[in-house]
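# Analysis of the macromolecular model
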Amino acid sequence: MSRVGRAEIALPAGVTVGVENNTVTVKGPKGELSQYIDDRNIVIENNGAVLNVVRKSESKSTKAKHGLYRQLIANMVKGVVEPFSKTLIVKGVGYKVALAGNKITMNVGLSHTVEFVSPQDVTLACPDANTIVVSGISKQRVGQVAATLKSKKPVEPYHLYGIHYQGERLVKKEGKTSGK
C-alpha cells in the first residue's frame, strides 16, 4: 500500500471537506478549492478531524493514483489555511520589475518590456525591484504562474542573468580561456 496514500490528513479548525459526485471540495478561511477524482475506486472518508483516502481495488491504475489524490487533497487543506508562495529573483544589469495593480512589468534585457497580468486566484507582489513573490491558495496555480514568469527570461549559463527561484542552485559555466 502507498505510504503517502495511507497517511491521514488532519483537518485544522475552520476547514470543511465535502465529497459529491467524485469531486472533493475544501472550504477554509482563505477560500475554497475543489478537485475532481477520476477513479471510482478511491473513496474519501471524513472522520471528523481526520480525513482518509482509501482505495477499494488493487488494480495498477488505482494504486498509482492513491498517493496522488491523497497529496492533492492534503495540499488543498493546507492552502485554504495558509497560502503557498514562491519567490523569484530577477538578476542582471538593468533588470527590474514593477507592479501596477494586477499587472507586472519586467525589463529583463529584451528589446521590449514584458508584461504579465496576474490571474484572479494568484497574488503577485514586488517587495523590491529585483524580487517577485507569487502567492495563492492553490499550490498548482502558484507553481504554474511562477514557472510562466520564470520562462520569460531563462537564466543564461555564463553570467547567470535571468529569472530564477530563490534558493535554486545555479551552475555557472566557465568562459573561454586564452590559448596559453
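Scroll up to find the structure this text is about.
Residues numbered from 1 in each chain as written. Predicted model: local features only at pLDDT ≥ 70, side-chain atom pairs only at ≥ 80, totals over all residues. Heavy atoms only, no water.

Below, the discussion takes up the side chain of Asn75. Position of Asn75 relative to the elements: it lies in helix α2 (residues 60–81). Classification of Asn75 by relative accessible area gives buried; the value is 17%. Excluding residues that lie within four positions of it along the chain, Asn75 makes contacts with Phe84 and Lys139. (Helix = DSSP H or I, 4+ residues; strand = E, 2+ residues; numbered from the N terminus. Buried < 20%, exposed > 50% of the residue type's maximum accessible area, 1.4 Å probe, protein only. Contact = heavy atoms within 4.5 Å.)

With that settled, consider the sheet that holds strand β1 (residues 9–10). Taken in spatial order, the three strands make up an open sheet running β1-β6-β5, and their pairing is antiparallel. A single partner strand is all that each edge strand has here, and the edge strands are β1 and β5 (42–46). Inspection of the sheet shows β5 paired to strand β6 (residues 50–55) by five bridges, in the antiparallel sense. Residue pairing for β6: Asn46 is matched across the bridge by Leu51. Seen against the sheet, α2 touches β1, β5 and β6 and runs at an angle of roughly 165 degrees to β6. (Pairing = 2+ DSSP bridges. Axes fitted to C-alpha atoms, helices over the stretch in contact; angles between N-to-C directions.)

Right, let's get into the pairing of strand β11 (residues 122–125). Only one face of β11 is buried: it carries Val122 and Leu124, and the other face, with Thr123 and Ala125, is open. Across four bridges, the pairing between β11 and strand β12 (residues 131–136) is antiparallel. Each residue of the ladder has a partner; that of Val122, found in β12, is Gly136. What sits between β11 and β12 in their antiparallel hairpin is a turn of five residues.

We now examine the packing of aromatic side chains. In this structure the tally under the stated criterion is one aromatic pair. It is Lys86 that lies over the ring of Tyr165; its NZ or CZ is 4.8 Å from the centre. (Phe/Tyr/Trp six-rings, centres within 6.5 Å; stacked < 30°, edge-to-face > 60°. Lys NZ or Arg CZ within 6 Å of the ring centre and 35° of its normal.)

Before going further, it helps to examine the pattern of salt bridges. Enumeration over the complete set of coordinates arrives at six salt bridges. Residue Glu58 pairs with Arg55 through a salt bridge whose shortest N-O separation is 3.2 Å. Across the salt bridge formed by Lys150 and Glu168, the nearest N and O atoms sit 3.1 Å from each other. Of this pair, Lys150 sits in helix α3 (residues 139–151) while Glu168 sits in the segment after β13 (162–165); the two residues are 18 residues apart in sequence, bridging distant segments of the chain. Residues joined by salt bridges that share partners form a network here, namely Arg55, Glu58 and Lys63. (Salt bridge = Lys/Arg side-chain N within 4 Å of Asp/Glu carboxyl O.)

Turning next to the sheet that holds β12. As summarised here, the arrangement of the four strands in space is β11-β12-β7-β13, forming an open sheet in which the pairing is antiparallel. Here the strands that pair on one side only, and so sit at the sheet edges, are β11 and β13. Between one strand and the next, the sheet's axes are offset by a mean angle of 25 degrees, whatever the strand orientation. Here strand β7 (residues 84–91) pairs with β13 via four bridges, running antiparallel. Note that in β13 the partner of Lys91 across the bridge is Gly162. The sheet contacts of α3 involve β7, β11, β12 and β13, and relative to β7 the element is tilted by about 10 degrees.

As a further point, take α3. Across its 13 residues, α3 extends 18 Å between first and last C-alpha, which sits within 8% of the 18 Å expected from 1.5 Å per residue. Along α3, the residues classified as buried are Val142, Gly143, Val145, Ala146 and Leu149. Viewed along the axis of α3, the buried residues span an arc of 165 degrees, placing them on a single side of the element. Its buried side turned inward, α3 meets β7, β9 (103–107), β10 (114–117), β11, β12 and β13. (Expected span 1.5 Å × (residues − 1). Arc of directions from axis to C-beta.)

Tracing the backbone through its elements, the reader meets Val19 in strand β2 (residues 16–20). Expressed as a C-alpha distance, the spacing of Val19 and Asn102, which sit 83 residues apart in the sequence, is 33 Å.

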